[in-house]
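If you want the building blocks of each chain, they are given just below.
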Amino acid sequence: MNVISKEVADTFCKLCKWTYVAWITHKSLFDKNTNPEGTIGKIPYFTETLSKITQEYCLLQICKLHDPAKQRGSTNLTIDYMVRFGDWGSQAKGIKAIQKRLSALWDQLKRDCVRNKILTHNDLQTSVNNSPLGAFPEGFDDQYFQALQDFVNAVYDKWLGGPCPFDDLAESDVKEFLELLEGIRGTPNYANRVAPRRT
């Protein structure tokens, strides 16, 4: 059995925190934005592109967390790895319960083969049909990241001691960015240009 070091546990927690940053940045910019017309609406074509980029990147980071621990001769630092090789003892049942909660979102995404057909490959039929990246019920993402926070706290506490809260600075940064956009007087020429044809 692999012995997980403090360094490995800390690296795993950092990967999870980065996934959270990717998600909360996208969510704060686009889903929770209370004044889209007065902020991102001033540069609609750029922010439409930015929305797609940040959404795809966030989904890819989530997918990577759900890779199997062992894959084609390689070892992946994932949720599965931490559960399988964490030597959880009396905590095993609780850890597996959190893993099950986390798998709910992954199963929703995997249903449409999002990772294999869009995020890491240019599947012909999926690309031609312009299929969506995957969807989940409203609030499901919040539940996922709460479960991920619970998992990260358990990992951090076991190897390093104490909780490991996700960084809220990304959300503050987005707020500051949106306030800057709000402060721009008038409508930039960029927003008035003819929209390019999206392919």
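Values in this document were obtained by computation on a predicted structure and should not be read as measured data. (Residues numbered from 1 in each chain as written. Predicted model: local features only at pLDDT ≥ 70, side-chain atom pairs only at ≥ 80, totals over all residues. Heavy atoms only, no water.)

Asks: Quick rundown of the pattern of salt bridges? Include the residues and the values.
Replies: Scanning all chains against the criterion turns up 7 salt bridges. For the salt bridge of K27 with D142, the shortest nitrogen-to-oxygen distance reads 3.6 Å. Of the two residues, K27 is situated in helix α1 (residues 6–31) and D142 in helix α7 (residues 140–159); the sequence distance between them amounts to 115 residues. Judged by its relative accessible area of 36%, D142 falls in the partly exposed class. Of the charged contacts, one joins R101 and D150 as a salt bridge, the two residues approaching to 3.1 Å between their closest N and O atoms. One end of the pair, R101, is in helix α4 (residues 92–110); the other, D150, is in helix α7, and 49 residues separate them in sequence. For D150, a relative accessible area of 25% translates into the label partly exposed. Through salt bridges that share partners, K27, D141 and D142 make up one connected network. (Salt bridge = Lys/Arg side-chain N within 4 Å of Asp/Glu carboxyl O. Helix = DSSP H or I, 4+ residues; strand = E, 2+ residues; numbered from the N terminus. Buried < 20%, exposed > 50% of the residue type's maximum accessible area, 1.4 Å probe, protein only.)

Asks: Help me get a handle on the side chain of T39, residues and values and all.
Replies: Here T39 lies in the loop between α1 and α2 (44–65). For T39, a relative accessible area of 1% puts it in the buried group. Reaching out from T39, the side chain makes a polar contact with the side chain of N33 at a distance of 2.9 Å. Apart from residues no more than four positions distant in its own chain, T39 is found in contact with N33, L178, L181 and E182. (Polar contact = N/O pair within 3.5 Å; in protein donor to acceptor, adjacent residues only side chain to side chain. Contact = heavy atoms within 4.5 Å.)

Asks: Can you tell me about unusual backbone geometry, naming the residues and giving the values?
Replies: Positive phi outside glycine occurs at R72, with the angle close to 50°. Structurally, the position occupied by R72 is in the loop between β1 (70–71) and β2 (74–75). In this structure, D87 is a non-glycine residue whose phi angle is positive, near 50°.

Asks: Explain the nonpolar core to me, and be specific about the residues and the numbers.
Replies: Counting residues in hydrophobic clusters, the biggest one holds 37 residues, and the most contacted among them are I79, M82, Y144, L148, F151 and V155. Of all the secondary-structure elements, those providing two or more residues to this core are α1, α2, α3 (79–85), α4 and α7. Apart from residues no more than four positions distant in its own chain, Y144 is found in contact with I62, L65, H66, I79, L102 and L105. One finds L29, I43, V174 and L181 within the second-largest nonpolar core, a separate group that totals 7 residues. (Core = buried A, V, L, I, M, F, W, Y, C linked by side-chain atoms within 4.5 Å.)

Asks: Which residues make up the side chain of S28, and what are the values?
Replies: For S28, the position within the fold is in helix α1. With relative accessibility at 7%, the residue S28 sits in the buried group. Those residues within four positions of S28 in sequence are excluded, and the remaining contacts are N33, E171, V174 and L178.

Asks: Now, about the environment of T11: what can you tell me, with residues and values included?
Replies: Among the secondary structure elements, T11 is positioned in helix α1. Between the alpha carbons of T11 and L77 there is a distance of 8.6 Å; along the sequence they are 66 residues apart. A distance of 2.8 Å separates a polar atom in the side chain of T11 from the backbone oxygen of E7.

Asks: Provide a residue-level description of helix α8 (residues 169–182), including the pertinent values.
Replies: Between the first and last C-alpha of α8 there are 20 Å, a value that for 14 residues agrees with the 20 Å anticipated at 1.5 Å per step. Residues of α8 that are buried make contact with α1. (Expected span 1.5 Å × (residues − 1).)

Asks: Which residues make up the environment of Q99, and what values go with them?
Replies: One can find Q99 in helix α4. Between the C-alpha atom of Q99 and that of D80, which follows or precedes it by 19 residues, the distance is 8.1 Å.

Asks: Run through a negative patch on the surface, naming residues and quoting values.
Replies: Together, D167, D168, D173, E176, E179 and E182 make up a region of like negative charge exposed at the surface. Residue position: D167 is located in the loop between α7 and α8. With a relative accessible area of 33%, D167 lands in the partly exposed category. (Patch = residues over 30% accessible without salt bridge, like charges linked within 9 Å, V, L, I, M, F, W, Y side chains within 5 Å. Areas by Shrake-Rupley, 256 points an atom, 1.4 Å probe, with all protein chains shown as cover. Lys, Arg positive; Asp, Glu negative; His and termini not counted. Charge placed at Lys NZ, Arg CZ, Asp CG, Glu CD.)

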